[in-house]
Amino acid sequence: MSGHNTSQHMYEGPFLVPDPGDAGTIDINRYGELVELVSVGADETRTLRAPSKAGILAIIRMKTDGGDVIVTASNGFNVALNDTAIFADVGDQLVLLSVVATTGYRWEILVNTGSVAVDEAGTTAAPTTAAPTTAAPTTAAPTTAAPTTAAPTTAAPTTAA
């Protein structure tokens, strides 16, 4: 492969990584790879292998929803090291970038499309949206000060000497 057509060869390369299926390992090695998850049962799992270098852009999306897919990344998906992502609906998608971590490399979420829940290990709850809260307006009771009366003052007469 000569240098003048390297970009063309990269463009033509296979960028679709096959879904490994329940309990399988997703192995993303190159920039721009896409994994389309296909689930056929409830609570399937996948393990996302830690990246081998910084700068790899990858996309994981739910293509077919036969049940939730729980993807675990050993080095985490963010600075908080949350390591579990739950894909629940068709179109749920994470765009990831590999970054340097304290021990090797890890994935960082750039875009979360849909409702992918990202939590600590073992947490499989769907994302929740808290209802907005509004405080009831408060009205203070009017206060009235008691009238005050000052005692009259009179100046003592002065005499000139």
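Check the entry above for the structure.
Residues numbered from 1 in each chain as written. Predicted model: local features only at pLDDT ≥ 70, side-chain atom pairs only at ≥ 80, totals over all residues. Heavy atoms only, no water.

Q: Got a minute to help me understand the nonpolar core in this structure?
A: Grouped burial of nonpolar side chains is what soluble globular proteins tend to show. Ile-28, Leu-37, Leu-48, Phe-77, Phe-87 and Trp-107 are the most contacted members of the largest nonpolar core, which totals 21 residues. When residues of this core are traced back to their parent elements, those giving at least two are strand E3 (33-38), strand E5 (57-64), strand E6 (69-73), strand E7 (84-87) and strand E8 (93-100). Excluding residues that lie within four positions of it along the chain, Phe-87 makes contacts with Leu-37, Ile-60, Arg-61, Met-62, Gly-67, Asp-68, Val-69, Val-71, Asp-92, Gln-93, Leu-94 and Val-116. (Core = buried A, V, L, I, M, F, W, Y, C linked by side-chain atoms within 4.5 Å. Buried < 20%, exposed > 50% of the residue type's maximum accessible area, 1.4 Å probe, protein only. Helix = DSSP H or I, 4+ residues; strand = E, 2+ residues; numbered from the N terminus. Contact = heavy atoms within 4.5 Å.)

Q: Explain the pattern of salt bridges to me, please; I cannot follow it from the model alone.
A: It is possible for side chains bearing opposite charge to pair when their charged atoms get close. With the rule as written, the count across this model stands at 7 salt bridges. Between Arg-61 and Glu-36 there is a salt bridge, with the nearest N and O atoms lying 2.6 Å from each other. Pair noted here: Arg-61 is in strand E5 and Glu-36 is in strand E3, with a separation of 25 residues, a long-range link. What makes Arg-61 partly exposed here is its relative accessible area of 22%. Glu-44 is the partner of Arg-46 in a salt bridge, and the nearest nitrogen-oxygen pair spans 3.0 Å. This pair shows no difference in class: Arg-46 is buried, exactly as Glu-44 is. Here the salt bridges do not stand alone but share partners, grouping Asp-19, Glu-44 and Arg-46 into one network. (Salt bridge = Lys/Arg side-chain N within 4 Å of Asp/Glu carboxyl O.)

Q: I tried to follow the pairing of E6 on my own but got confused; where do I start?
A: A regular strand carries its side chains on alternate faces of the sheet. Within E6, 4 of the 5 residues are buried, leaving the element largely enclosed by the surrounding structure. The pairing of E6 with E7 spans 4 bridges and is classified as antiparallel. Of the residues in E7, the one forming a bridge with Val-71 is Ala-85. (Pairing = 2+ DSSP bridges.)

Q: In this structure, what is going on with the packing of aromatic side chains? I would like to understand it.
A: Any pair of aromatic rings gets described here by the distance separating the centres and the angle formed by the planes. One pass over the structure, following the stated rule, counts 0 aromatic pairs. Cation over ring: Arg-30 sits above Phe-15, and NZ or CZ is 4.6 Å from the ring centre. (Phe/Tyr/Trp six-rings, centres within 6.5 Å; stacked < 30°, edge-to-face > 60°. Lys NZ or Arg CZ within 6 Å of the ring centre and 35° of its normal.)

Q: Where do I start with unusual backbone geometry in this structure?
A: With the exception of glycine, the majority of residues adopt a negative phi angle, and the majority of peptide bonds are in the trans configuration. Of note, Ala-23 is a non-glycine position whose phi angle comes to about 70°, a positive value. Secondary-structure assignment places Ala-23 in the loop between strand E1 (16-17) and strand E2 (24-26).

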